[in-house]
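Each chain is listed here by its residues.
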Amino acid sequence: MENLIVELSKYLMIFLFAGYTFTCFHVLNGKKSYRWQKRILRKQTKLMFLIHLNAFVVTFTVQKTADVLLTYVMQVALLCCILVIYKYIYKRANGLIVNNMCMLLAIGFVVLYRLRPDKAFRQYEIAVAAVVLTMLIPFIIRRLHFLDRLTWLYAIVGMALLAAVAVLGSVSYGARLSFQIAGIAVQPSEFVKILFVFFTASMLARSTEFVQVVKATAVAALHVLILVVSKDLGAALIFFITYLVMLYVATRNPFYFISGLACGSAAAVVAYKLFHHVRVRVTAWKDPLSVIDNEGYQICQSLFAIGTGGWFGMGLYQGMPNKIPIVEEDFVFAAVSEELGGVFAVCLIMVCASCYLMFLNIAMQICDPFYKLIALGLGTVYGFQVFLTIGGVTKFIPSTGVTLPLVSYGGSSLLSTFMIFAIIQGLYIIREGEGGSGEKKSDEKRLGRAGRKTAEKGRWEASE
């Protein structure tokens, strides 16, 4: 009976998640009426809870403990709390972003509980704290009109935190990533990337003259250099690409983008020569089977797991994902692929892609250059991090050691991702206020001033 439930469950879960993914792109279409979109979003919510319930029915069938039922109720309560906050407190919030955030969080809870129940509970605690800490961020983004004037504060605080890690941080897998605060490991780079986006947006929204670009580039280079000294090359790559994208969109100058890529390629070669752990990862990427006993063991186990799962997966608790080292952090996508299947994994990628596309859509429709660049920068941070994680797991690129947002285990990553989503929600609410509903006069006043500045510059006409 247990095997029958597991087998039926995996097909039902794939069917439900495929339906959820399909509705994501229906909502992105944006050509339907407001009521139609609300109806689709309600269907998404139902599908999410059915997927979550389906997974915990299998978990209870296998484990047969009361802890499973208690964990399920706690997780449902948290997901409902998030949905209620954005439905009744922030009535103009973007429903697709809220649903996708809850969907990815639910998948993370399910997979982590299967891999490491203790870490799943810890992730739940962090998620509760993250909801509380980020609850007011959309309100703050909407009400504080001086955020674009804190340019150098963002830079100073960000570089100070990164420098503290470089000097005092503990070494993990060859890099200095975190330090302890009251017994809790904190990875500052996860939060500094948000400050970095705010700094870059503030600099480039004010002016895109050559001198201003040189100043912004110098500070951005210092951020990346400190990360390189800490050997946190995955974060350094995210900072670098994010800055390049924001710089190109702000200036529309392909020379900056091409020269940046050239400098980045040269820096990658230097990093390969200087750092042993980079050479190890490149060796494992080029031919993992030849070094399967050492450097290539992790990536080989990941590929074996993905291949074993096939399109429809082994079913929850039927695979061996724990054979992959640190699977709950860097390689959680391989665990998803093995037990839930390739179709489910592809749908997961598409849900992440729909988040990224919605972020870009919000960025394109905002008139204020500062807000526009923030939405673009945070969207790039999120999208590129997903690419790095899944690319490393599937051997598309060398592993960079970054997590899959909202799905992988990691307190700093989870909290920073909640912050990113909350900031984007605040920007979306501001964008909704541009229609002149009468509820956001203070926002419109600010946006009106920004619009006049924009017209004078002549650089944002297409987006207005």
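Procedures and definitions
- Residues numbered from 1 in each chain as written.
- Predicted model: local features only at pLDDT ≥ 70, side-chain atom pairs only at ≥ 80, totals over all residues.
- Heavy atoms only, no water.
- Helix = DSSP H or I, 4+ residues; strand = E, 2+ residues; numbered from the N terminus.
- Buried < 20%, exposed > 50% of the residue type's maximum accessible area, 1.4 Å probe, protein only.
- Contact = heavy atoms within 4.5 Å.
- Polar contact = N/O pair within 3.5 Å; in protein donor to acceptor, adjacent residues only side chain to side chain.
- Phe/Tyr/Trp six-rings, centres within 6.5 Å; stacked < 30°, edge-to-face > 60°.
- Core = buried A, V, L, I, M, F, W, Y, C linked by side-chain atoms within 4.5 Å.
- pLDDT = per-residue confidence, 0-100.
- Patch = residues over 30% accessible without salt bridge, like charges linked within 9 Å, V, L, I, M, F, W, Y side chains within 5 Å.
- Areas by Shrake-Rupley, 256 points an atom, 1.4 Å probe, with all protein chains shown as cover.
- Salt bridge = Lys/Arg side-chain N within 4 Å of Asp/Glu carboxyl O.
- Axes fitted to C-alpha atoms, helices over the stretch in contact; angles between N-to-C directions.
- Parallel < 35°, antiparallel > 145°, perpendicular 65-115°, else oblique.
- Nonpolar A, V, L, I, M, F, W, Y, C, P; charged D, E, K, R; others polar.
- Expected span 1.5 Å × (residues − 1).

Draft legend 1. Main features of the side chain of Thr45. Within the secondary structure layout, Thr45 lies in helix H2 (residues 34-63). Here Thr45 falls in the buried class, since its relative accessible area comes to 18%. Excluding its chain neighbours within four sequence positions, the residues that come into contact with Thr45 are Leu83 and Asn99.

Draft legend 2. Just the side chain of Glu328, in detail. Relative to the helices and strands, Glu328 resides in the loop between helix H13 (297-309) and helix H14 (332-340). The buried category is assigned to Glu328, whose relative accessible area is 7%. A polar side-chain atom of Glu328 sits 2.7 Å from a polar atom in the side chain of Lys119. If we ignore the near neighbours within four places in the chain, the residues touching Glu328 are Leu112, Leu115, Arg116, Lys119, Ser408 and Tyr409.

Draft legend 3. Local environment of the packing of aromatic side chains. Enumeration according to the criterion identifies 20 aromatic pairs in this entry. With a centroid separation of 6.2 Å and 75° between ring planes, the pair formed by Phe198 and Phe370 is classed as edge-to-face. With Phe198 in helix H8 (residues 189-206) and Phe370 in helix H16 (residues 369-393), this residue pair connects regions lying 172 residues apart in the sequence. What makes Phe198 buried here is its relative accessible area of 6%. Through a chain of ring-to-ring contacts, the aromatic side chains of Tyr154, Phe198, Phe370 and Tyr371 assemble into a single cluster.

Draft legend 4. Spotlight on the environment of Pro369. Inspection of the secondary structure puts Pro369 in helix H16. Each C-alpha atom, one on Pro369 and one on Ser202, is 8.8 Å from the other, the two residues being 167 residues apart in sequence.

Draft legend 5. Examining the nonpolar core more closely. Phe17 and Ile82 are the most contacted members of the largest nonpolar core, which totals 142 residues. For this core, the element with the most residues is helix H4 (residues 95-115), which contributes 16 residues. Aside from chain neighbours lying at most four places away, what touches Ile82 is Val98, Met101, Cys102, Leu105, Val131 and Phe418.

Draft legend 6. Up close: unusual backbone geometry. For Lys64, which is not glycine, the phi dihedral falls at a positive 55°. Examined against the element boundaries, Lys64 turns out to sit in the loop between H2 and helix H3 (66-89). Look at Tyr317: it is not a glycine, yet its phi comes out positive at around 70°. For Tyr317, the location among the structural elements is in the loop between H13 and H14. By relative accessible area, Tyr317 is classed as buried at 17%.

Draft legend 7. The confidence of the model for the chain, seen in detail. Per-residue confidence for the chain gives a mean pLDDT of 87, with 91% of residues at or over 70. Here residues 435-464 scores under 50 on pLDDT; set against residues more than four positions off or in separate chains, the count is 51 contacts.

Draft legend 8. Here's a closer look at a nonpolar patch on the surface. On the surface, Tyr11, Trp311, Phe312, Val346 and Met350 cluster together into a nonpolar patch covering about 510 Å² of accessible area. Positionally, Val346 belongs in helix H15 (residues 342-365).

Draft legend 9. Fine view of the pattern of salt bridges. The final tally for this structure, using the stated rule, is seven salt bridges. Here Asp118 makes a salt bridge to Arg116, at a shortest N to O gap of 3.1 Å. Looking at Asp118, the relative accessible area reads 48%, which means it is partly exposed. A salt bridge links Glu329 to Lys119; the nearest nitrogen and oxygen atoms lie 3.7 Å apart. Residue Glu329 is found in the loop between H13 and H14, and its partner Lys119 is found in helix H5 (residues 117-134); the two are separated by 210 residues along the sequence. You can call Glu329 partly exposed: its relative accessible area is 22%. For Lys119, a relative accessible area of 16% puts it in the buried group.

Draft legend 10. Quick peek at the packing of H4 against H14. At a closest axis distance of 11 Å, the pairing of H4 and H14 adopts a crossing angle of 85°. Comparing their axes, H14 and H4 come out roughly perpendicular. Side by side, H4 and H14 meet where Val111, Arg114 and Leu115 of the first sit next to Val332, Ala335, Val336 and Glu339 of the second. Its residues assigned to classes, the contact of H4 with H14 shows five nonpolar, no polar and two charged.

Draft legend 11. Structural context of H13. Spanning 13 residues, H13 covers 18 Å between terminal C-alpha atoms, matching the ideal 18 Å at 1.5 Å per step. Those residues of H13 that sit buried are Gln298, Ile299, Cys300, Gln301, Ser302, Ala305 and Gly309. Where H13 is buried, its residues touch helix H12 (276-286), H14 and H16. Of the residues flanking the end of H13, it is Gly310, one or two places downstream, whose phi is positive at about 65°.

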